[in-house]
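Observations on the model geometry
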Amino acid sequence: MRPRSCKTTTKLQHVDSLGYEPAFVPPPPLLSTPASAPNSQEPLRFTEIMDYLPDGNSRYKDRDYWDERYKTEQCYDWLGSFSEFQHILEKHVLKADSILILGCGNSSMSGDMYSAGYHCITNIDYSSVCIATMSDRYSDCVAMTWRQMDVRHLSFPDASFDVIIEKATLDAIMVEEKTPWEVSPQAGGFIHQALTEVGRCLKPGGRFVSVTFASPLFRKRLYARTEYNWSIHKYGYGGGFEYFVYVMTKGEALSPEDAAVEKRLLEDTKSPPTTNATMQIEDEEDFLFNIDTIL
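All of the points below concern the structure found in this document. (Residues numbered from 1 in each chain as written. Predicted model: local features only at pLDDT ≥ 70, side-chain atom pairs only at ≥ 80, totals over all residues. Heavy atoms only, no water.)

1. With respect to the overall build of the chain
Each helix and strand counted, the chain has ten helices and seven strands in total. Burial statistics for the chain: of 295 residues in total, 48% are counted as buried. The contacts of the chain with a sequence gap of at least 6 include a subset with a gap of at least 24, amounting to 70%. For the chain, the computed accessible surface area is about 14300 Å², with 54% contributed by carbon and sulfur atoms. (Helix = DSSP H or I, 4+ residues; strand = E, 2+ residues; numbered from the N terminus. Buried < 20%, exposed > 50% of the residue type's maximum accessible area, 1.4 Å probe, protein only. Contact = heavy atoms within 4.5 Å. Areas by Shrake-Rupley, 256 points an atom, 1.4 Å probe, with all protein chains shown as cover.)

Quick look at the structure:
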């Protein structure tokens, strides 16, 4: 039996009323690309989708918010559906690979991948409501499992998976970041814990696939670390608004370009920026973050 799926693309970026754009603003879908409920042929109305958006970005870090949302929301796909970047994954993920999906949510991605022939999939999310709902929804997909778990503390043995995938999960961790130029110690520590666990659970030669709206200028600052013991390759997809797919391969060295990124970051931590440099960054942020554009 083919698992149910939802088709939702997201291409709206907005700036908050304070005049700057936080590092992560989960955008609602455009009116032209409504979501469809799994058990209905009728698309969700835009007003219904907006009802699920929280009052503030900080709520995206609140487990209670997600538990309540998953009680009624059928399906939502951040950064588009699996079909939009399937051509990229097919180059790096084999049908026989053991796959772990971090922060699966109620996305259709797992079900769509199962239909495409990727059957050995383990899904985790820290919302028990999500895991119970999705486990029941895809009960016919016998080789696919669902477990409640924190991405910072994966309860799997070392070298358990060929592929680990996250789609907008790490973006959500950064909901309260005010600038992409400098990640707060709290968010940086959270992400480092998650990436360390990802590296531990990957088999030698395994791939970590990160799907995000974050450009290389900002995301490679988090991924380019020698201690993670992986290479980084970047791909893109999307129409008017480009999303990114980063593929990290365990056991491969960073490219000279990415090694230089790490070196610059290490040097920056040793020497605080000058007043002029700080003012220049603030001016750039004011220019970029005050652009209120629908892409």
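Now, onward.
2. Let's talk about the environment of arginine 219
With respect to the helices and strands, the residue arginine 219 is situated in helix 8 (residues 216–223). At 3.5 Å, the side chain of arginine 219 forms a polar contact with the side chain of threonine 212. (Polar contact = N/O pair within 3.5 Å; in protein donor to acceptor, adjacent residues only side chain to side chain.)

3. A closer look at the sheet that holds strand 3 (residues 145–148)
The strand order across the open sheet formed by seven strands is 3-2-1-4-5-7-6, and the pairing between neighbours is mixed. Whereas interior strands pair on both sides, the edge strands pair on one side only; in this sheet they are strand 3 and strand 6 (230–237). Here the strands of the sheet are splayed against their neighbours by 20 degrees on average, with no regard to which way each runs. Judged from the four bridges that link them, strand 1 (residues 99–102) and strand 4 (residues 161–167) form a sheet pairing that is parallel. In the sheet register, leucine 100 faces strand 4, and the bridge partner there is isoleucine 164. Taken strand by strand, helix 7 (residues 185–201) contacts strand 1, strand 4, strand 5 (202–212), strand 6 and strand 7 (243–250), and its axis lies near 140 degrees from that of strand 5. Along the sheet face, helix 8 touches strand 4, strand 5, strand 6 and strand 7 and points at about 25 degrees away from the line of strand 7. (Pairing = 2+ DSSP bridges. Axes fitted to C-alpha atoms, helices over the stretch in contact; angles between N-to-C directions.)

4. Overview of the pattern of salt bridges
Evaluated as defined, the whole model comprises eight salt bridges. Between arginine 152 and aspartate 150 there is a salt bridge, and its shortest N-O distance comes to 2.8 Å. Where arginine 200 meets glutamate 197, a salt bridge forms, and the shortest distance between an N and an O atom there is 2.9 Å. Highlighted residues: arginine 200 and glutamate 197, both in helix 7, separated by three residues, approximately one helical turn. Judged by relative accessible area, arginine 200 falls into the partly exposed class, the value being 24%. Its relative accessible area of 13% is what places glutamate 197 among the buried residues. Bridged by salt links that share partners, the residues Asp158, Glu197 and Arg200 form one connected network. (Salt bridge = Lys/Arg side-chain N within 4 Å of Asp/Glu carboxyl O.)

From the geometry alone we can't say anything about function, so treat these as descriptive.
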